[in-house]
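Coordinate inspection notes
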Amino acid sequence: MFAFLPANIICYFLARNLKTKNIILIIFSLLFYAWGEPVCVALLIFSSFIGYIFAIAIDKSDTKQKKKFYLIISLIINLGLLGIFKYAGFFVSNINYLLHINLPVPQISLPIGISFYTFQIVSYVVDVYCNRVDSQKSFPKFLMYVSLYPQLIAGPIVRYIDIEREIDNREVNIVNISQGINRFIVGLAKKVVIANTAAALVSTFLDGKLATIGVLDAWFGLFMYTIQIYFDFSGYSDMAIGLGKIFGFTYCENFNYPYISKSATEFWRRWHMSLGSFFRDYVYIPLGGNRKRQLLNIFVVWFLTGFWHGASWNFIIWGLYFGTIIYLEKKVFFKFTKKLPQVIQWFFAMIVIMIGWAIFYYVDLNSLGTFLKALVGLNNNPLYSDTLPITFMSNVTFVVLCIIASTPVPKMLFQKLNNNTVVNGNLDFVQIIFNVSLIFCIISMLVGESYNPFLYYRF
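Parameters and conventions
- Residues numbered from 1 in each chain as written.
- Predicted model: local features only at pLDDT ≥ 70, side-chain atom pairs only at ≥ 80, totals over all residues.
- Heavy atoms only, no water.
- Helix = DSSP H or I, 4+ residues; strand = E, 2+ residues; numbered from the N terminus.
- Rg over C-alpha atoms; globule rule 2.2 N^0.38 Å.
- Buried < 20%, exposed > 50% of the residue type's maximum accessible area, 1.4 Å probe, protein only.
- Contact = heavy atoms within 4.5 Å.
- Areas by Shrake-Rupley, 256 points an atom, 1.4 Å probe, with all protein chains shown as cover.
- Lys, Arg positive; Asp, Glu negative; His and termini not counted.
- Charge placed at Lys NZ, Arg CZ, Asp CG, Glu CD.
- Polar contact = N/O pair within 3.5 Å; in protein donor to acceptor, adjacent residues only side chain to side chain.
- Expected span 1.5 Å × (residues − 1).
- Core = buried A, V, L, I, M, F, W, Y, C linked by side-chain atoms within 4.5 Å.
- Patch = residues over 30% accessible without salt bridge, like charges linked within 9 Å, V, L, I, M, F, W, Y side chains within 5 Å.
- Salt bridge = Lys/Arg side-chain N within 4 Å of Asp/Glu carboxyl O.
- Axes fitted to C-alpha atoms, helices over the stretch in contact; angles between N-to-C directions.
- Parallel < 35°, antiparallel > 145°, perpendicular 65-115°, else oblique.
- Left-handed = near helix turned anticlockwise from the far one by under 90°.
- Nonpolar A, V, L, I, M, F, W, Y, C, P; charged D, E, K, R; others polar.
- Phe/Tyr/Trp six-rings, centres within 6.5 Å; stacked < 30°, edge-to-face > 60°.
- Lys NZ or Arg CZ within 6 Å of the ring centre and 35° of its normal.

1. Considering the overall build of the protein
Regarding its fold elements, the protein presents 20 helices and 0 strands. A globule of 459 residues ought to have a C-alpha radius of gyration of about 23 Å, and the protein, at 23 Å, matches this closely. The principal-axis extent of the C-alpha atoms belonging to the protein is close to 70 × 70 × 45 Å. When the 459 residues of the protein are sorted by exposure, 48% land in the buried category. Counting contacts in the protein only where the partners sit at least 6 residues apart, residues at least 24 apart contribute 75% of the total. By element, 67% of the accessible surface of the protein is carried by carbon and sulfur atoms, the whole surface being about 22,700 Å². Seen as two clouds, the 36 positive and the 22 negative side-chain charges of the protein have centres 8 Å apart.

2. Regarding the side chain of Arg270
Relative to the elements of secondary structure, Arg270 occurs in helix α11 (residues 264-270). There is a polar contact of 3.0 Å between the side chain of Arg270 and the side chain of Glu266. Once residues lying within four places of it in the same chain are set aside, the contact partners of Arg270 are Asn254, Phe255, Asn256, Tyr257, Pro258, Ile260 and Ser261.

3. Observations concerning helix α10 (residues 215-246)
Its 32 residues give α10 an end-to-end C-alpha distance of 47 Å, which sits within 8% of 46 Å, the value for a rise of 1.5 Å per residue. Counting buried positions along α10 gives 28 out of 32 residues, so the element sits mostly inside the fold. Gly248 sits one or two positions beyond α10 and adopts a positive phi of about 95 degrees.

4. Here we look at the nonpolar core
One broad rule of soluble globular proteins: the nonpolar side chains tend to lie buried together. Residues Tyr117, Tyr145, Phe249, Tyr259, Trp271, Trp357 and Phe371 are the most contacted members of the largest nonpolar core, which totals 128 residues. Top contributing element to this core by residue count: α10, with 16 residues.

5. With respect to a positive patch on the surface
A contiguous patch of positive charge, built from Arg269, Lys330, Lys331, Lys335 and Lys338, is present on the exposed surface. Looking at which element gives the most residues to the positive patch, the answer is helix α14 (residues 313-337), with 3 residues. Tracing the backbone through its elements, the reader meets Arg269 in helix α11.

6. Describing helix α3 (residues 41-60)
In an α-helix, one turn spans 3.6 residues, which is why side chains three or four residues apart end up on the same side. In a regular helix each residue adds 1.5 Å, so 20 residues correspond to 28 Å; α3 covers 29 Å between its end C-alpha atoms and thus fits that length. Every buried residue of α3 is listed here: Val41, Leu43, Leu44, Ser47, Ser48, Ile50, Gly51, Tyr52, Phe54, Ala55, Ile56 and Ile58.

7. Topic: the environment of Tyr251
Looking at where Tyr251 falls in the secondary structure, it is placed in the loop between α10 and α11. For the pair Tyr251 and Ala240, spaced 11 residues apart in sequence, the C-alpha to C-alpha distance is 7.9 Å. Setting aside anything within four residues of it in sequence, one finds Tyr251 in contact with Leu148, Pro150, Gln151, Pro156, Val158, Ile163, Ala240, Ile241 and Gly244.

8. Points about a nonpolar patch on the surface
Taken together, the side chains of Phe91, Ile95, Tyr97, Leu98, Leu99, Ile101 and Leu103 present a nonpolar region at the surface, about 740 Å² in accessible area. As for its position among the elements, Ile101 is in the loop between α4 (64-99) and α5 (114-129). Take Ile101: its relative accessible area is 36%, and that puts it in the partly exposed class.

9. Notes on the packing of helix α2 (residues 18-36) against helix α6 (residues 139-147)
Each pair of packed helices can be described by the angle between their axes along with the distance between the axes. Contact geometry for α2 and α6: axes closest at 9 Å, N-to-C directions at 50 degrees. Looking at the two axes, α2 sits oblique to α6. Where α2 crosses over α6, the handedness of that crossing is left-handed. Across from Asn22, Leu25, Ile26, Ser29 and Leu30 in α2, the residues of α6 making contact are Pro140, Leu143, Met144 and Ser147. Of the residues that constitute the contact of α2 with α6, the class distribution is 6 nonpolar, 3 polar and no charged.

10. Concerning the pattern of salt bridges
This model, assessed by the stated rule, comprises 12 salt bridges. The shortest N-O distance in the salt bridge between Arg132 and Asp127 comes to 2.6 Å. We classify Arg132 as partly exposed; its relative accessible area is 42%. Between Asp238 and Lys190 there is a salt bridge, with the nearest N and O atoms lying 2.7 Å from each other. Highlighted residues: Asp238 in helix α10 and Lys190 in helix α9 (residues 174-206), separated in sequence by 48 residues. One salt-bridge network, in which partners are shared between bridges, spans Arg183, Lys190, Asp238 and Glu253.

11. Quick notes on the packing of aromatic side chains
What the rule picks out here adds up to 62 aromatic pairs. Here the aromatic rings of Phe49 and Tyr52 are separated by 6.3 Å at their centres, their planes lie at 35 degrees, and the arrangement is tilted. Highlighted residues: Phe49 and Tyr52, both in helix α3, separated by 3 residues, approximately one helical turn. Taking 4.9 Å as the distance between ring centres and 55 degrees as the angle between the ring planes, the aromatic pair formed by Trp271 and Trp357 counts as tilted. Of this pair, Trp271 sits in the loop between α11 and α12 (273-287) while Trp357 sits in helix α15 (residues 342-361), and the two are 86 residues apart along the sequence. Taking the relative accessible area as the measure of exposure, Trp271 reaches 0% and is therefore buried. For Trp357, a relative accessible area of 1% translates into the label buried. The ring of Tyr12 carries the charged tip of Lys21 above its face, separated from the ring centre by 4.6 Å. The ring of Phe334 carries the charged tip of Lys338 above its face, separated from the ring centre by 5.2 Å.

Here it is as structure tokens:
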């Protein structure tokens, strides 16, 4: 915030032409990635080069067979790299367990953001193969698309087709810069003010002795994790979208108030929308979608959705859990739930979502089983501990603000103020004061913290 970003913005806006601006973005993006992954930046460049040369080969091929051959080779290399770096240890560990052997388990560091940039490269090559876009003839421009640091580490998954025009012809104006700054600050506040505060409460209740945790303690800890993961991930997406606007790029929205959903199906239309649309367009529909083998297609998509999130069985279970719920909603539940009052639909949806987050949280399946028992009172523990009422009352204002911030209410209020001619004249000044106040609050909270990782960095 005080060195890298200002230096990038100054260099970017001092550049006189778009070619120089693009080079500056490439340099700063690679520096940004190399700061955390000095070795794996070579992997990022190599993966980008593979996507680049095979897309050109597909474009130049004169037969369908050649195009398909180059597509398959490109997918094998890039998805193979993802498999080696992310899943090799998982596969070997499970083979050892199933066959009762002792193969050495590879200890490979997971390159940050590899799942995100691999999917971007894959979507680009497939789009070239399907004639949705022309191949990019300049490797530096393609590398800039893949490596742009605002979205490199944790998304959203930006498709080449969505920013193709902006690579060569983008407009940077004061309105976009202003909107970008506002969005960036709001995203940073989501992370630092809300997600980090919730994280401390999550750790208190979910990382303790699960065998003795009370029922309400378990639900409160799970509720705070529900808050943490939303504001952490949506905060990162807001920061990425905001930075993109500052540099002239329009990134897709990644969240649309998922906690107002009235079903698991609706939740996944609102949560991590770039990932959902990726699996829909590049896996579900090519497999046949709703037309044939729907159950199998849903099973495959949700297995991959869970597995994409991490090399652990809890993520696979989490994906299949939602896949099962969504299938049952389509085939059974919607016939009955649509007749219920919307608040009842919302309540049951939130229970389903929160149980899903419990599965997501606990990598250790024994801990997961113990916690799920605690949620329904099967561990014979008290309803709540002595510390829960004190903790809750100390944080009740924070909890209420989190609930309100999870809804469209703040946005609706701002739009109403924006449409009020009496207030509108002073709204820009109020926005500046609000932003400055948020920045001071954020800085004061960061000063005492040495490490503030985003949850999705590990994916």
